Amino acid sequence: MSTILQIKNITKRYGGLTAVNDVSFDVNKGEILSVIGPNGAGKSTLFKLISSFVPATSGEVLFNGERISSLAPHKVARMGVVRTFQETTIFRSMTVRENIIVSHHLRSRASLFGFFLGTKQAKDDEAAFAASADDIVDFLGLQAIRNELASNLPQGHLRALGMAIGLATDPKVILLDEPFAGMNHDETMKMVGLVRRLRDERGVTVLLVEHDMPAVMKISDRIVCINFGQKLAEGTPQEIRENEKVIEAYLGSEDAAIGM
Amino acid sequence: MDTKKLLGFAVFLLAVFVLVPLFIGATGRVDFFYTLTSVALLSVGAAGVWLTFYIGRINIGQGAYALVGGYVSAILVTQAGVSFWLTLPLAGLFCAAISVVIGLPILRLRGVYFAMVTLVLTEVARLSALALPVTNGAKGITSIPLPGELSFFGLTIIPAFGSLSNPRIGFYMMAVVLMVVTYLVLWRIVNSRLGHLCRSLQQNEELSASIGVNTAYLRVLAYAISSFFGGIAGAMFASIAQSIYPSSFVVADSVNFMLYCFLGGLGYVFGPMLGTLLLYFGWDLLSIAKQYQLLVYSGVMILLMLVLPNGVLSLLDKKEGRA
Ligand SMILES: Nc1ncnc2c1ncn2[C@@H]1O[C@H](COP(=O)(O)OP(=O)(O)OP(=O)(O)O)[C@@H](O)[C@H]1O
Ligand SMILES: [Mg+2]
């Protein structure tokens, strides 16, 4: 098993507040790793640091041994590290299919000027994007809403669309921030299956932040638990479940039971 | 392009290049040429403003680029003896170049902050024109010669305007050609991936970056194209008036460029063109209201924005049941 992502002593301070404090861990290629922790623990900030959306105060992130933490976010995406957002983030005034097609941008071989002129390469690209978008629509089971305007979609579908947008970039590592939020049990189980297939069929390494503990326990190969910005524990679901510090952190917090 | 669009385009070309001149010839109202030339050129500038709206930025600074474009052309023609036809693209390119330098820092701003900075730009341009030695201060640059002949390998493409019996027709034709080309370019941008990416920027910049779009580059690119349009429009205006002054384009002009876009509709490529036409003629028609002209005008504008927030062209949508 090889390491695809190394997070090394990463720290993020907002003024006096240390949102992420000296966190280190490795992510193996092809694994599903979950980051858990109470509200405000610094999980989303950690994801923003990995995808280089916010600059780290100190520390670094390596992708396949290469430092990515000071690159512009679109460059990190170009290398294959793509995040989805905790807040429902989609292109509101586009249809589901348009959302997915436009998100294929990284795969274009024609230049922007080529697209403007409508060169053969550009037309080939567009055709390939459309075909791939239809694949993704099928993969995520979005056929029925493919031509629906994104702003009209219910929460569950928005989550799936967020993932579809991420998939369109053809990521090597995808960071999913609370992919099951706002879903009922059945929807969550369906999504858990999809995330698995993402890894199994498309070979994508998955990092996810989630509060739904049963789902986390079910899906994860490994779990990293953080609290007040610091790493508390790291291990298999079994190890995390029995970890004293983790149990304590969750008992002391508002969102109570870790639900195991 | 499907046949219906192609047909519409052909009718439009016929109207602006043949019917309008015929009509003006028949009625003898040659002053209309001047009015319609202004509309065409203003709509070129407005097309640029519309493109910045398309990436989600409110641009109230197009007057600055029109002024700069006008001066670049005027200076090159009067002081370096460059052919007007060459100064036209040069004015556009010069404006695009400075808009890159200005845009890099200010395009990071969003919403009202960007809008305020662009508003100030027009004033900065005016004050610079007053202060710089090359622009000749408040006296401006006058007696700019009419455009000369444009020829390639001895073949005359455009005759010297001075030799025309009515240079107004020449300017009108030229302005309309510019307008048609501008809107073809704009239409093509919007309907290609370039436009789709602009829309993604408008709707969510963070997500756009996360799918790998170089958002900073795209913003500057769109702004540079926008300023290019502003620059060539300004150069044409200077040539028509045969003069340019620091006050040739002021803040009110920048605001008008923006209003043309609002009125026509921000969601429609041809919105700014229609908006310019309606607003320009609307203002003239309202001169019957005498001293209340501005009051009535403002009132009507406010009313229109309340009733048709998506612009006049959104009326078409409703009729076709697409809204
Ligand atoms: N841009 C910011 N400026 C200042 N403080 C911030 C900023 N972003 C996050 N924080 C703070 O950093 C801490 C960690 O926030 P973060 O969003 O990473 O938590 P989280 O673990 O994702 O929480 P949740 O489970 O509620 O999503 C919080 O105290 C938050 O208020
Ligand atoms: Mg969060």
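Rules of the game
Residues numbered from 1 in each chain as written. Chains lettered and ligands numbered in written order. Predicted model: local features only at pLDDT ≥ 70, side-chain atom pairs only at ≥ 80, totals over all residues. Heavy atoms only, no water. UniProt positions renumbered as here; feature names shortened; annotations may be inferred. Contact = heavy atoms within 4.5 Å. Buried area = accessible area lost by both parts, 1.4 Å probe. Salt bridge = Lys/Arg side-chain N within 4 Å of Asp/Glu carboxyl O. Polar contact = N/O pair within 3.5 Å; in protein donor to acceptor, adjacent residues only side chain to side chain. Helix = DSSP H or I, 4+ residues; strand = E, 2+ residues; numbered from the N terminus. Nonpolar A, V, L, I, M, F, W, Y, C, P; charged D, E, K, R; others polar. Pairing = 2+ DSSP bridges. Axes fitted to C-alpha atoms, helices over the stretch in contact; angles between N-to-C directions. Buried < 20%, exposed > 50% of the residue type's maximum accessible area, 1.4 Å probe, protein only. Near = heavy atom within 4 Å. Areas by Shrake-Rupley, 256 points an atom, 1.4 Å probe, with all protein chains shown as cover. Core = buried A, V, L, I, M, F, W, Y, C linked by side-chain atoms within 4.5 Å. Domains from an automatic or database assignment.

As annotated in an unreviewed UniProt entry, chain B is Branched-chain amino acid ABC transporter permease from Shinella yambaruensis. The annotation that UniProt attaches to chain B under Subcellular location (unreviewed entry) is "Cell membrane".

As named in an unreviewed UniProt entry, chain A is ABC transporter ATP-binding protein, taken from Shinella yambaruensis.

1. Digging into the interface of chain A and chain B
Counting residues at the interface gives 30 residues for chain A, matched by 24 residues for chain B. Three residues, Phe91, Leu112 and Phe116 of chain A, lead the burial of chain A against chain B; their summed loss comes to 29% of the area buried on that side. The partner of Arg199 of chain B in a salt bridge is Glu98 of chain A, and the shortest N-O contact between them spans 3.9 Å. Seen at the junction of chain A and chain B, the total is 10 residue pairs in polar contact (both at pLDDT 80 or more). Those elements that place two or more of their residues in the side of chain A that touches chain B are α2 (73-79), β6 (81-83), α3 (96-102), α4 (112-117) and α5 (120-139) of chain A. Here the side of chain A that touches chain B is composed, by residue class, of 17 nonpolar, 8 polar and 5 charged.

2. Points about the sheet that holds strand β4 (residues 58-63) of chain A
Residue and element names in this part refer to chain A. One open sheet holds the 4 strands; their spatial order is β2-β1-β4-β5, and the pairing between them is antiparallel. At either margin of the open sheet sits one strand with a lone partner, and together these are β2 (17-28) and β5 (66-67). Lying over the sheet, helix α1 (residues 43-50) contacts β1 (3-14), β2 and β4, oriented at roughly 120 degrees with respect to β1.

3. Notes on unusual backbone geometry
One non-glycine residue, Asp22 of chain A, lies in the positive phi region at around 55 degrees. Relative to the helices and strands, Asp22 of chain A resides in strand β2. Unlike most non-glycine residues, Ser143 of chain B shows phi in positive territory, near 45 degrees. Structurally, Ser143 of chain B can be placed in the loop between α5 (111-131) and β1 (150-152). Exposure remark for Ser143 of chain B: the relative accessible area of 62% places this residue in the exposed category.

4. Quick look at the site of ligand 1
Residue and element names in this part refer to chain A. The immediate surroundings of ligand 1 are formed by 13 residues, with Lys43, Ser44, Thr45, Gln86 and His211 found nearest. Taking Gly40, its main chain carries an N or O atom lying 2.9 Å from an oxygen atom of ligand 1. In the model, an oxygen atom of ligand 1 is placed 2.7 Å from a nitrogen or oxygen of the Lys43 side chain. In the complex, 63% of the free accessible area of ligand 1, which totals 630 Å², lies under the protein chains.

5. Topic: the sheet that holds β6 of chain A
Residues and elements named next belong to chain A. Pairing is mixed across the open sheet formed by 6 strands, whose spatial order is β6-β7-β8-β3-β9-β10. Each of the sheet's edge strands pairs with one partner strand only, and the pair in question is β6 and β10 (230-235). On average, each strand axis in the sheet is tilted by 15 degrees relative to the strand beside it, whichever way the strands run. Alignment of strand β9 (residues 222-227) against β10, held across 5 bridges, turns out to be antiparallel.

6. With respect to the pattern of salt bridges
All names here are of chain A. Evaluated as defined, the whole model comprises 19 salt bridges over all chains. The salt bridge involving Asp125 is made with Arg109; its shortest N-O contact spans 3.3 Å. Here Asp125, found in helix α5, pairs with Arg109, found in the loop between α3 and α4; they are 16 residues apart in sequence, far enough to count as distant. Here Glu234 ties to Arg222 by a salt bridge, and the two come within 2.7 Å at their closest N and O atoms. Placement of the pair is Glu234 in strand β10 and Arg222 in strand β9, with a sequence separation of 12 residues. Assessed through its relative accessible area of 16%, Arg222 is described here as buried.

7. Remarks on the nonpolar core
Counting 138 residues, the largest nonpolar core has Ile100, Leu140, Leu161 and Val195 of chain A together with Met236 of chain B as its most contacted members. Here this core spans two domains, and each of domain 1 (1-80 + 171-180 + 204-260) and domain 2 (89-170) of chain A adds at least three residues to it. What Met236 of chain B contacts, discounting residues up to four positions off in sequence, is Leu41, Phe84, Leu88, Phe171, Met174, Ala175 and Leu178 of chain B. With 27 residues, the next largest nonpolar core counts Ile4, Leu33, Val81 and Leu207 of chain A among its residues.

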